[in-house]
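# Architecture at a glance
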Amino acid sequence: MSKIITEGPAGYMPQSAPSMGVELAPTGKALLYGNIVEEEEAMRDAARAMLTKENPTIFPGPQVLWDWKEDVAAKAAALLELASEIPNCKIIPMPDYRPKYPKIDVKAEINPNHPNLTILDNKIKACIFVGVHCHYANLSLRMIRAGTDCYTIALCAYMGHEEAMASIRDLHAENITRFKEIVIEERNKLGIEWETTLPPENPSLQKEDNSSLSPADYGEYRSLIMTKKGEHVTDVE
Amino acid sequence: MSAIERPQPNKTKTFVDMDYLLHEAPREQHFITGAQAMAEAVKRANVDMAIAYPITPQSEVMHLVGDIYAQGHLKEYYRAEEELGTMSAIAGAARAGVRLFTATSGPGLLRGLEAIASWPGHRVPAVLGVLTRVVNAPLSIQPDNIEMAYLMHCGAVMLHAENQQDTFDMTLAAFAITEKVDVYIPVSVSTEGFFVTHAKGYVDMMSEDLAYKDFDSVAAPVPAMDNETPPARIQRDAPVQKSNFMSYLIHSVWQQEIWDSNRRAMKYIYQYLGGPIEVVNPDADVFVIASGCAAAQGREAQRYAEEENLNVGLIKVRAIRPFPIDEINAAVKNAKTLIVPEHNIIGWLSKEVKAAIPNGGIVVEGPRVYGGMTLPVELIMKEIYTALGLEYDLKL
């Protein structure tokens, strides 16, 4: 297979994958290094990357972090199972798409405006993007390819992502489960010993006490949250 | 504010996908203007909202859209303050996840261009009709298509309709293309004011009891900003990008993503419209390449030439963005001369064609008319004769 898209760094101003002739895979297929392949082939290559490269990480985005429609809870559960089967896998969320000021906490999160900071600081060599809206996934994947040597995998509910080394489209919970099974198979082939273990808690996050929280506590962001049903906010700045 | 009672025809419509609507639904022939054709497409597109500010010749279209709003085919319609207000309102409405239509002409496009240019970057899935005309000064309302040159650099998908039938089909297709997850940028449908909008032609249309299926606002590359879809009001546009905490690269790759989305639209132009170009007599040495109204005149010239036993082909260009570089190269690989008639002074199509092919010297830039003049077929015939080394007695 001739690889069109490979791990970076691609350089200062990377050429976009679509401009290099990479097209999204049709239904039932996947992308691997910019080529249209069978889904299983892409999953196997991705599995080997997650098993053999340093600091494998899953980056869940808003579409799997929030239980906002059917199948999301099942996907999230399947992702936890997947992470549990990848040795030393971490989960770092992309909770929204804002840049983080004054400085991102790269141990706690990633965002599409400077995803390379999280990748580089954590020395991540293989990662999975899942549940990230396509526009932001494309931005992130290209920036990662521009400035890092990370092998990227995109698990997409829609049409996939040309920039990733491996891209699976039309993602459902059962696809994630199938990917987990492939991870286990490849792990056994490689002779890696691992007991099913949940990924570690995010080290930067403190336990929160939300019992006294109210929208007024969010200051300038109060308009961005929904009040609870029946709640009447009386506090003002 | 009192509610105005309106009919509710959408309640009795059958909602179908665009493939069925364009390719399979039975059609009947009608004899209607281009403005009517565009409005009839909007009627069948299950549009949620239309917003516009009037300008000739676009006003004919939006007047008719107002009529179909009164008939209950649109959920909402209003006249905005001016074009910048219109196009800004379109951007705002898109964030709420509704299907949108607007239209403008000439200086109206330029006035709205600040907002229109930001639409792709904000991932606004709107359909924009451009009923082309001159740009002032001197003041005129007559057909030209110079304003399309400005739109060509904004990132939107651009389709150019030859006639009333094209206007109908392209407008319908535009709603489907703009909403694809891997496109999700505005799609414009341009056609010449008056020559098409105010003239009648035959249009095969499906029943108005059929309509495009509902817009799925969450099947999108960016989150809808409403209060129902959690996380509520998730921010989707980066604030002002400053070097103290942003990578400059984010803006670069964001721009790339917009133009990649434009590129991805090509497969849907094939799916819904049969491809970005149409080729007549593909083995010819001399081709007329044209879009919009000029394609209709080019078609006549090709027919005249055929009657005179001259071997001439036609390449009609449907898609201006993405520009069909590969398709044009394939079509003209053996050609000796390409004649590009246009309705504007700058010749934006001939410039695109020259840039697209390796041997741009074979392009004849013209004939061109502008300022509202018609494009006589005889002007094209003269260029054909010249290309073939023949004398032509031009009489106008």
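For the structure given in this document, a descriptive report is provided here.

What counts and what doesn't
- Residues numbered from 1 in each chain as written.
- Chains lettered and ligands numbered in written order.
- Predicted model: local features only at pLDDT ≥ 70, side-chain atom pairs only at ≥ 80, totals over all residues.
- Heavy atoms only, no water.
- Helix = DSSP H or I, 4+ residues; strand = E, 2+ residues; numbered from the N terminus.
- Rg over C-alpha atoms; globule rule 2.2 N^0.38 Å.
- Buried < 20%, exposed > 50% of the residue type's maximum accessible area, 1.4 Å probe, protein only.
- Contact = heavy atoms within 4.5 Å.
- Areas by Shrake-Rupley, 256 points an atom, 1.4 Å probe, with all protein chains shown as cover.
- Lys, Arg positive; Asp, Glu negative; His and termini not counted.
- Charge placed at Lys NZ, Arg CZ, Asp CG, Glu CD.
- Disulfide = S-S within 2.5 Å.
- Pairing = 2+ DSSP bridges.
- Polar contact = N/O pair within 3.5 Å; in protein donor to acceptor, adjacent residues only side chain to side chain.
- Salt bridge = Lys/Arg side-chain N within 4 Å of Asp/Glu carboxyl O.
- Axes fitted to C-alpha atoms, helices over the stretch in contact; angles between N-to-C directions.
- Left-handed = near helix turned anticlockwise from the far one by under 90°.
- Nonpolar A, V, L, I, M, F, W, Y, C, P; charged D, E, K, R; others polar.

### So, the overall build of chain A
A count of helices and strands for chain A gives six helices and seven strands. Beginning at the N terminus, the succession of helices and strands in chain A can be written as β-β-α-β-α-α-β-α-β-α-β-β-α. Taking 2.2 N^0.38 as the reference for a compact globule, 237 residues should give roughly 18 Å; the C-alpha atoms of chain A span a radius of gyration of 19 Å, in line with that estimate. Overall, the C-alpha framework of chain A stretches about 65 × 40 × 35 Å when taken along its three principal axes. Counting over 237 residues, chain A shows a buried share of 51%. For chain A, the proportion of contacts with a sequence separation of at least 24, taken over those separated by at least 6, is 66%. Total accessible area on chain A is roughly 11,400 Å²; 51% of this is exposed by carbon and sulfur atoms. Averaging the positions of the 25 positive and the 35 negative side-chain charges in chain A gives two centres separated by 3 Å.

### Re the overall build of chain B
Counting its regular elements, chain B contains 13 helices and 16 strands. Against the 2.2 N^0.38 benchmark of 21 Å for 396 residues, chain B shows a C-alpha radius of gyration of 21 Å, consistent with a compact globule. Expressed as lengths along the three principal axes of its C-alpha atoms, the size of chain B is roughly 70 × 55 × 45 Å. Sorting the 396 residues of chain B into buried and exposed places 61% on the buried side. When contacts within chain B are restricted to residue pairs at least 6 apart in sequence, long-range pairs at least 24 apart make up 80% of them. Just so you have it, chain B exposes about 15,400 Å², and 52% of that area is on carbon and sulfur atoms.

### Focus: the state of the cysteines
Residue and element names in this part refer to chain A. In the structure shown here, the tally under the stated rule is zero disulfides over all chains. Cysteine Cys 89 is unpaired, with the sulfur of Cys 127 as its nearest cysteine sulfur at 10 Å. Under the relative-accessibility criterion, Cys 89 is labelled buried at 3%.

### What to know about the sheet that holds strand E15 (residues 337–339) of chain B
Ordered by their spatial adjacency, five strands build an open sheet running E11-E13-E12-E15-E16 (chain B), and the pairing between neighbours is mixed. Of all strands in the sheet, those with a lone pairing partner are strand E11 (277–280) and strand E16 (363–364) of chain B, marking the two edges.

### Here we look at unusual backbone geometry
Residue and element names in this part refer to chain B. The amide bond that connects Arg 321 to the next residue, Pro 322, takes the cis arrangement and shows omega of -10°. The topology assignment puts Pro 322 in the loop between strand E14 (319–321) and helix H11 (325–331). Here the residue pair Gly 366 and Pro 367 is connected by a cis peptide bond, since its omega of 5° sits within 30 degrees of zero. Looking at the secondary structure, you find Pro 367 in the loop between E16 and helix H13 (377–387). One non-glycine residue, Asn 46, lies in the positive phi region at around 55°. Here Asn 46 lies in the loop between helix H2 (34–44) and strand E3 (49–52).

### What to know about the side chain of Asp 182 of chain B
For Asp 182 of chain B, the position within the fold is in the loop between helix H7 (164–178) and strand E8 (187–192). Side chain to side chain, Asp 182 of chain B and Lys 267 of chain B meet in a polar contact 2.7 Å long. Apart from residues no more than four positions distant in its own chain, Asp 182 of chain B is found in contact with Leu 24 and Met 159 of chain A together with Ser 261, Arg 264, Lys 267 and Tyr 268 of chain B.

### Some remarks on the environment of Thr 33 of chain B
Residue and element names in this part refer to chain B. Within the element layout of this structure, Thr 33 appears in strand E2 (residues 27–33). We classify Thr 33 as buried; its relative accessible area is 10%. Through-space distance from the C-alpha of Thr 33 to that of Gln 165 is 9.6 Å; in sequence the pair is 132 residues apart. With residues up to four places along the chain from it excluded, the contact list for Thr 33 reads Gln 164, Val 196, Thr 197, His 198, Ala 199 and Lys 200.

### Some words on the pattern of salt bridges
Enumeration over the complete set of coordinates arrives at 44 salt bridges over all chains. The partner of Arg 111 of chain B in a salt bridge is Glu 83 of chain B, with the nearest N and O atoms 3.9 Å apart. Note that Arg 111 of chain B is positioned in helix H5 (residues 106–118) and Glu 83 of chain B in helix H4 (residues 83–95), a separation of 28 residues in sequence. Its relative accessible area of 48% is what places Arg 111 of chain B among the partly exposed residues. Judged by relative accessible area, which is 3%, Glu 83 of chain B ranks as buried. Residues joined in a network through salt bridges with shared partners are Glu 40, Arg 44, Asp 45, Arg 48, Arg 178, Glu 181, Glu 185, Glu 186 and Lys 189 of chain A.

### Looking at the packing of H2 of chain B against helix H3 (residues 58–70) of chain B
Residues and elements named next belong to chain B. Running from N to C, H2 and H3 cross one another at 35°; their axes reach a closest spacing of 8 Å. As H2 runs across H3, the sense of the crossing is right-handed. For the pair H2 and H3, contact is made by Ala 35, Gln 36, Met 38, Ala 39, Val 42 and Lys 43 and by Glu 60, Val 61, Leu 64, Val 65 and Ile 68, respectively. Residue composition of the contact of H2 with H3, grouped by class: eight nonpolar, one polar and two charged.

### Observations regarding the sheet that holds strand E7 (residues 157–160) of chain B
Backbone hydrogen bonds are what pair the strands of a sheet, in a parallel or an antiparallel way. Residue and element names in this part refer to chain B. Taken in spatial order, the seven strands of this open sheet run E4-E3-E5-E6-E8-E7-E14, and their pairing is mixed. The two strands at the open ends of the sheet, each matched to only one other strand, are strand E4 (76–79) and E14. The sheet shows a mean angle of 20° between the axes of neighbouring strands, direction not considered. One ladder, built from four bridges, connects E3 with E4; its direction is parallel. Its bridge partner lying in E4, Ala 50 is registered against Tyr 77.

### Digging into the side chain of Ser 350 of chain B
All names here are of chain B. Mapping Ser 350 onto the fold places it in helix H12 (residues 348–356). Ser 350 sits in the buried class, given a relative accessible area of 0%. Sequence-distant contacts of Ser 350, defined by excluding residues within four places in its chain, comprise Val 340, Glu 342, Val 363, Glu 365 and Arg 368.

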